[in-house]
Amino acid sequence: FSSLYSVSPEEAVKWGESFDKLLSHKDGLEAFKTFLKMEFSDENLEFWLECEEYKNCKTKKHMEEKAKSIYEKYIQMESPREVNLDFATKEITRKNIDQPSLTSFHTAQNKIYNLMEKDSYTRFLKSNIYSNFLNGKQLLAPLPPVRRRSRSFTVNDFKQFNSDEGIWL
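For clarity, every value in this text was computed on a predicted model and none was experimentally measured.

This part takes up unusual backbone geometry. Here the phi dihedral of phenylalanine 40 falls at roughly 60°; this positive angle occurs in a residue that is not glycine. Considering the arrangement of structural elements, one finds phenylalanine 40 in the loop between α3 (26-38) and α4 (42-54). Even without a glycine there, the phi angle at glutamate 78 is positive, about 65°. Checked against the element boundaries, glutamate 78 lands in the loop between α5 (60-75) and α6 (87-96).

Position of threonine 93 among the secondary structure elements: in helix α6. What makes threonine 93 buried here is its relative accessible area of 0%. Residues in contact with threonine 93, not counting those within four places in the same chain, are Ile75, Ser104, Phe105 and Ala108.

Inspection of every chain in the model, using the stated rule, returns 17 salt bridges. Residue glutamate 17 pairs with lysine 21 through a salt bridge whose shortest N-O separation is 2.5 Å. The exposure class assigned to glutamate 17 is partly exposed, which follows from its relative accessible area of 48%. Since its relative accessible area comes to 38%, lysine 21 is described here as partly exposed. For glutamate 39, the salt bridge identified is with arginine 123, shortest N-O distance 2.4 Å. With glutamate 39 in the loop between α3 and α4 and arginine 123 in helix α7 (residues 106-125), this residue pair connects regions lying 84 residues apart in the sequence. For arginine 123, a relative accessible area of 31% corresponds to the partly exposed category. Residues joined by salt bridges that share partners form a network here, namely Glu50, Glu53, Lys66 and Lys73.

Criteria and cut-off values
- Residues numbered from 1 in each chain as written.
- Predicted model: local features only at pLDDT ≥ 70, side-chain atom pairs only at ≥ 80, totals over all residues.
- Heavy atoms only, no water.
- Helix = DSSP H or I, 4+ residues; strand = E, 2+ residues; numbered from the N terminus.
- Buried < 20%, exposed > 50% of the residue type's maximum accessible area, 1.4 Å probe, protein only.
- Contact = heavy atoms within 4.5 Å.
- Salt bridge = Lys/Arg side-chain N within 4 Å of Asp/Glu carboxyl O.

Such coordinate-based values are descriptive only and should not be taken to indicate function.
Structure, rendered in structure tokens:
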């Protein structure tokens with residue numbers, strides 16, 4: 001997150017005119033990314049941005065490597081940054097990357113774009129982050145990193161059950 005913004009409230013108003021205007025402005029993109037991190041859904045924007053980069057692949061080899069990387073990181077079941085896509089879209093994308101082309105992620109990227117536009121973007125426009133830009137109260141320091149809550153558990157989570165704790169150790 002940038003440590004200093006030079007965004008006028010007038011410029012911030014433009015971010016509210018369309019999702020594309022927000023994404024095409026460097027500071028707007030960063031503000032939206034911070035908002036998504038707070039909502040634990042920044043993988044959607046990361047996926048969309050990586051798909052945009054993918055469209056600039058120049059060689060078949062680079063395209064194949066990048067397609068595999070994006071698929072394994074965002075689309076494959078249980079992937080580390082899995083985005084919320086329906087099964088049919090995942091299957092279309094999986095088949096598309098067997099013979100990668102610049103449009104291999106087109107369907108999946110559009111679905112994530114629409115999800116962000118209809119869901120996250122509307123919440124962003126109601127957020128304190130956005131209202132601070134509109135009111136000229138721009139952040140002067142980076143926000144502290146947001147930690148995701150671990151999905152793991154400990155033996156202490158099961159103290160109410162009478163079990164042999166030795167199996168957990």
